[in-house]
Amino acid sequence: MRREVAPQQINTAGDAATLLAVQNGDLHVHQRIGTHFIDELSYGAVAVAANELPSRLLNAGNRVVDFTGRRQELADLSAWRDGEAAMAVRLVHGGAGQGKTRLAHRFAELAHAGGWITVRARHSRDAVVQPVEVAAGTALVAQKPLLVLVDYAERWPLSDLLALLLDRRLHTGRALRVLLLARPLGTWWDALTHRLSETLGVHADSTELAPAQTGSPEVFEVARRCFARVLGIPVPAHPAPQVEGSFLTVHMAALAHVLAVRHGEEPPTDPAQLSAYLLSRERNHWQSMYDNDRRVESPPPVLGRAVYVAALIRSLDYASALPVLKAVAVVDGVSDAGRVLEDHAMCYPPHDPDTVLEPLYPDRLAEDFVALQTPGHDVEGFRADPWAKGALGALLAHDARSAATALPMLVEAARRWPHLATNQLVPVLRERPELAVRAGSAALSAIAGAPAMPLDVLAAIESAFPPEPPADLHAGIAAVTERLARELAGSTNDPVRVGALALKLGWRLVESGRIRDGIDLLAEAVAIARRLGVESGAAHAAQLEVALRSLGRACIRAGDWVRATDTLGEAVGLWNDSGTGMTPPAEDVAACLADLSLALWRQGRDTASLSTRHRAIAQLRRLVLIDGRHRLTLIRVLVQQAEQLRRADRLQGALAAVDEALALLQAMADSAGEGLEVDFAAVLLGRAKTLHSFGLLPEAAFAASSAVAVFQRLAGVNVYYDTDLAHAHQAHADVLAAQSQWRKALDAQAEALAIHRRLARTSAERHELDLIQTLIKFARLCRDAGMQSEPALRSLAEAIKRAHAPRFQKARDRIVQAACAIGADILDADGRHAEADAMRGRAGRPAEWPSRPSPPGTRPDRDEELRIAEWVVRVTPREARAYLEVLPVQEIAHVLVVIDPQVGWFDHMFLNFDPARQVAILRCIVRDDALPDNHGMTECLVRRFESADDEELVLILSEATPANGAAILDHVQKSGVRSATRRMAHARIRSTLRRLGPRLRP
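No experiment lies behind these values; they were computed from the predicted model shown.

A. Quick look at the overall build of the protein. A tally of regular secondary structure across the protein gives 44 helices and ten strands. Each of the 1002 residues in the protein was classed as buried or not, and the buried ones make up 56%. For the protein, long-range pairs separated by at least 24 residues make up 70% of all intrachain contacts whose partners lie at least 6 apart in sequence. Carbon and sulfur atoms make up 51% of the accessible area of the protein, which totals about 42,400 Å².

Written out as C-alpha cells, the structure is:
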C-alpha cells in the first residue's frame, strides 16, 4: 500500500491517477497534462488604457461595454440557482460571440450581491500551478452557498472536469451551483452527464443561449457610447448601421465605427473586413511600441508570430514557452525566445503573472487573427505571413498540450475561414492522423463536427485509435465513429459490414455514456449476426458471439439484469456448441463469466451466480500466472464472490475469497504501490463484515476501522467516496455494537447518518432510501444501547415522514412497520406504554389486507381462496410477500397456482422468501392438482428450475404428481428458447423428469 503522506498536505491518488493539493488557500487538481484551480471573481471597475487596442476593449472580462438585455435568461438562471437541491449543474452553450461569458459574469455579480460566494475554475491551459507543501484543511466555503463558473468546459478532459465537480472543497457550503459555458453540445456533454449521474445521482441540464431579443441598434448604441467614453472622445453622431449577427459582432462593428470616425475613415461592415480592420489596429500598436524608443525589441512580424502561437496554445509558464517558440521557428535561440516573450508580455500583460503568451481576447478575434495570418484568404488590407504555412504542423507535433489546445480552436475558426481547413488542417491530419488522437477528446469531437473534414481523414484518424483507449478519449472516439457511420450508411448493403459498423459504434456510444443509444445499435448488430448465422451457420458464429457479449456488457451497465443474463448466457452457450468450434480469448471469457455471475446474482439466482463466478475466478487465476495485469480484475471478482457467499451464510468460503484478494493486493503493492486505495478499502470492508459474521469481533473491528481510515482520506478530497465511507462507518458501528461498545457504536452510526443526509440533499432520488434505512438503524442501535431515546424517536419520525414520498409507495408499509416496531420498544423502555401500544397499532398489517376467517391449519374454502388471490394479484410483489409469508406453505403454494402469476411479478415476490422456504413452497406447487391448467405458474416454475442445482431440482421434482410432471415436461419441450444456456438447463430438467418418472407421486 502507498505510504502515509505528510500531515501538512493532502496528497492522494484517485481513480485516474488524480493528485490533489492545496496551495495558498486554493485547491489545485494535478492530473495528466492538466490541472485546475479556483479563484474568487471580482466585480470592481477594470482600468483599461485609453488606447485603441481592440483586444482589450472587446475583452468581456474588462467590462468596457455595459451589460444589456438578457432579462429572461438571468431570471431563468436565478430560478435554477435558488432551487432546493444541494448541488446543481447547468450548461449554457451557444455559438462564438453570443455573450455567454458576459451573461455568466453578470449572473455571478447578481449572485454575489445576494450573498453567494462566486468563483471561477480554470484549467492549466489558462494558468500555471506548482504543487507546494502548505497547511491543509482550509475549505473554500463554510456555510455560504457557492457558485462556480467554468468557461470553455468542452476543452477540459472529462476526468479533470469530473474531478472539479467532485471536489470536496466545493461541497462544504449550504448549496453548490456549477455553471458551465461551452460552444458545442456534443458527446463530451453526454459523457459528463452520464458520469455525474452515475457518481452522485445529479442530473445536469443544459440550455442554448439564443440570439438576444434586444435589437442590434440598441446593442450597437450602448457599445458605441461605452467605447467612446473609454477612448475619451465624443459619441459619434452618425446613425447606427444595420448589423446582423451575435453580440460580439455588433460590438466589433460599434468599435470599428468609433475608431473609423475618429480617424476619418469609412468603417467596414463585412465580417471578414471588420476583423481585418480591428486586427490592423493591433498591428499598429506593435509597430508603435517598436518605433517608440524601442519599448519592444522584436519587430512587428516576429511579434505577430508570437501572437499567432499564443492564440493557438494559450498561456504557458516561461520554461514551457521557450521550446515552443523554437519548435515553430519564431526564433532560433533561447536568448531570442526570451526577448520575444518579454516583448509579447509588454504588449499583452498576462492575467497570471506566472505565465507568458497571453492570448488575444475575445476568442473570435484570436481565431480571426490566426486565419488572417495564414496564407490563403482573400481579405484585402491584411497581409498573411508565409511563415504560418508550416507553423501549424510543427506546433501540433511539438507536444500533446499544444495539439489539445490548438486543434479545437482551428476547427472552430475553419467554419468561418475555409482556407484553414483546406490548406492547413486537412493536409496535416491526412499526413499525421495520430496528432488528432494525441490532442484528446475535445479535438476529436471538434474534428468530427467539422463539415469540411474529408472521409478519408476521419478514417485515418480512426485507424490511429489505441486498442484500449483511456476513458478521457471515449467521447471523442464516439463522435468520430458516429460521423463515419453516418457517412458510410448509404454506401454499403453488405450485412457483414453493416453489422460490424453497428457493433463498433454501439460499443463506443456505450463507453461514451450514451448507454441506451449504444444498446439499440448493439441489439441491431446481434439481429444482423443472427440472420447471417441462419444463412451461413458457423461461418458467422464469432460475429454473433462478440455482438452478444457486447450487448450483455452494455445491459450490465444499464442495470438490465434479465436481458444481460439471457444475452451473456447465449454467448457462453456458443462456446460449448460443437457446431461453431470457437472460443474467445481467455480474458474475454473471464470478463463475460464475471458479468454473467453479477447479472444472475442481481436476480437472486445465487446457485447459478456462484458457480459461474467460480469459473471466472478459475480463468482469472490462470491469467494472473501469465500476466500480472489481470490481478486487479481478479481482486474485484473475489470481493464480489466473498460478499455473495457471506450473505448466503457460507462464511468459510467468503473469508477465503477475501483473504485471497488481500494477498493479491499486497503483492501488487510491492511492485506498484499507488492507486490501490479503493480496492484495499473494499477488501478490508468485506473482511470486516465476514469476520463479524464469524463472531471474530476484535479482528472485525480492526478491519472496519482501517477501511474507514482509507475511505476518509479519499472522501476528504473527492465526494464520490462519501457512499463508501458511509458504508464503512455502518460496518464499524455494527461491529462495535456487537462488542457492546455502545458510545463508540453510536458515534460511528452518527457519522454514517450525517453522510447520508448530505447525499440525500444532493440527490433524493438516488440516496433518500439509504438515509431512511440509516435513520432506522440509528434508532435500533439507540434502543439496543438503552441510550438517546429522544433522538432515536425523532429519527424514526423523520424516516416515516420521508417514506411517504410517492417514490417509496412500494416500500412504505415495510418501512413504517419497522420504524413503528422499534419506536414502540423504545417507548416501552421509557415507561410510555400507552404511546407504545398506539405505535404498535401503526406497525400492524395494512388496513387493506384481507382477513382470513378460516381457522389456522385449515384450508380456506374456494370463495376465500379466490378473494385472497384477487387481492394478492392486485398489490405489489413486496406487499404480496408480506401477506403470504404468514401463511402455511401449502396455502401459499395453492394461492400462487390459483393466481397464475407472470414471471416478473413472481420473481420479485418470491426472492425475499428464505431459500429453505422457497424450496418447500415449490415442492407444494408441483403437488397441486390445479397446476396443469395454469401455464403462467408452470413457466415460473421452469424459470426457477433453470437456476437450481441438480440436488435441489431432484428434491423438488420428486414431489410432483405424474400429471404435473407431464405438464412441466410438455412446457419445456414446447418453449423454443434461443439462449444456449437456457437450452442446456431445459435439457437437464427433461432428463431429471424422465429419470424420476417411475417415482413421481401418484
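Next comes the rest of the write-up.
B. Expanded view of the confidence of the model for the protein. On average, the protein scores 83 in pLDDT, and the residues at 70 or more come to 88%. For the protein, per-element mean pLDDT is lowest for strand S1 (residues 19-23), which scores 35, and highest for strand S7 (residues 176-182), which scores 95. Counting interchain partners and residues more than four positions distant, the pLDDT-below-50 stretch residues 1-34 has 101 contacts.

C. Quick peek at the packing of aromatic side chains. In the structure shown here, the tally under the stated rule is seven aromatic pairs. Aromatic pair Phe-369 and Phe-382: ring centres 6.3 Å apart, planes at 85 degrees, arrangement edge-to-face. With Phe-369 in helix H12 (residues 363-373) and Phe-382 in the loop between H12 and helix H13 (388-398), this pair connects stretches of sequence that are 13 residues apart. Considered together, Phe-369 and Phe-382 belong to a single accessibility category, that of buried residues. Ring pairing ties together the aromatic residues Trp-286, Phe-369 and Phe-382, which thus form one cluster.

D. Region of the structure containing the pattern of salt bridges. According to the stated counting rule, one finds 47 salt bridges in the structure shown. One salt bridge connects Arg-106 with Glu-109, and the closest N-O pair in it is separated by 3.4 Å. Linking Arg-106 with Glu-109, this pair stays in helix H3 (residues 100-113), spanning three residues, or about one helical turn. We classify Glu-109 as partly exposed; its relative accessible area is 27%.

E. Highlighting unusual backbone geometry. In this structure, the amide linkage connecting Tyr-361 to the following residue, Pro-362, adopts the cis form with an omega of -5 degrees. Tracing the backbone through its elements, the reader meets Pro-362 in the loop between strand S10 (355-356) and H12. The phi dihedral of Ala-329 falls on the positive side, at around 65 degrees, and the residue is not glycine. The exposure class of Ala-329 is partly exposed, given its relative accessible area of 46%. Despite not being glycine, Leu-357 has its phi angle at roughly 60 degrees, a positive value. Structurally, the position occupied by Leu-357 is in the loop between S10 and H12.

F. Structural detail: the nonpolar core. With 110 residues, the main nonpolar core has Phe-227, Tyr-308, Val-309, Leu-312, Val-330, Ile-447 and Ile-461 as its most contacted residues. Here this core gets eleven residues from one element, more than from any other, and that element is helix H7 (residues 247-262). Each residue touching Val-309, except ones within four places of it in the same chain, is listed here: Arg-314, Val-324, Leu-325, Val-328, Val-330, Leu-357 and Trp-387. In this structure, Ala-594, Ala-642, Ala-700 and Tyr-721 belong to the second largest nonpolar core, which totals 83 residues.

G. Representation of empty space enclosed by the protein in the model. Inspection of the entire model under this criterion finds four cavities of 30 Å³ or more. Approximately 80 Å³ is the volume attributed to the second largest cavity. Lining the second largest cavity are Glu-154, Trp-156, Leu-158, Leu-161, Trp-188, Ala-191, Ser-441, Ala-442, Asp-472 and Ala-475. Of all elements in the fold, only helix H4 (158-165), helix H5 (187-200) and helix H17 (441-448) reach the threshold of two or more residues within the lining of the second largest cavity. For the lining of the second largest cavity, the residue count by class is seven nonpolar, one polar and two charged.

H. Expanded view of the pairing of strand S4 (residues 87-93). Among the seven residues in S4, seven count as buried, and that is most of the element. Here S4 pairs with S7 via seven bridges, running parallel. Across the sheet, the residue bridging to Val-92 is Leu-181, located in S7. Sheet topology note: the S4/strand S8 (residues 205-208) ladder contains four bridges and is parallel. By the bridge assignment, Arg-90 is partnered in S8 with Asp-205.

I. Here's a closer look at the side chain of Lys-100. Here Lys-100 lies in helix H3. Buried and unpaired, Lys-100 has Asp-151 as its nearest opposite-charge partner, separated by 6.6 Å. The contact partners of Lys-100, leaving out residues within four places of it in the chain, are Val-92, His-93, Gly-94, Gly-95, Leu-181, Ala-182, Arg-183 and Leu-209.

The rules behind these values
- Residues numbered from 1 in each chain as written.
- Predicted model: local features only at pLDDT ≥ 70, side-chain atom pairs only at ≥ 80, totals over all residues.
- Heavy atoms only, no water.
- Helix = DSSP H or I, 4+ residues; strand = E, 2+ residues; numbered from the N terminus.
- Buried < 20%, exposed > 50% of the residue type's maximum accessible area, 1.4 Å probe, protein only.
- Contact = heavy atoms within 4.5 Å.
- Areas by Shrake-Rupley, 256 points an atom, 1.4 Å probe, with all protein chains shown as cover.
- pLDDT = per-residue confidence, 0-100.
- Phe/Tyr/Trp six-rings, centres within 6.5 Å; stacked < 30°, edge-to-face > 60°.
- Salt bridge = Lys/Arg side-chain N within 4 Å of Asp/Glu carboxyl O.
- Core = buried A, V, L, I, M, F, W, Y, C linked by side-chain atoms within 4.5 Å.
- 1 Å grid on protein atoms, 1.4 Å probe; cavity = no way out; pocket = protein on both sides within 12 Å on 5 of 7 lines; lining within 4 Å.
- Points joined across faces, edges and corners; volume = space filled by probe spheres on them.
- Nonpolar A, V, L, I, M, F, W, Y, C, P; charged D, E, K, R; others polar.
- Pairing = 2+ DSSP bridges.
- Lys, Arg positive; Asp, Glu negative; His and termini not counted.

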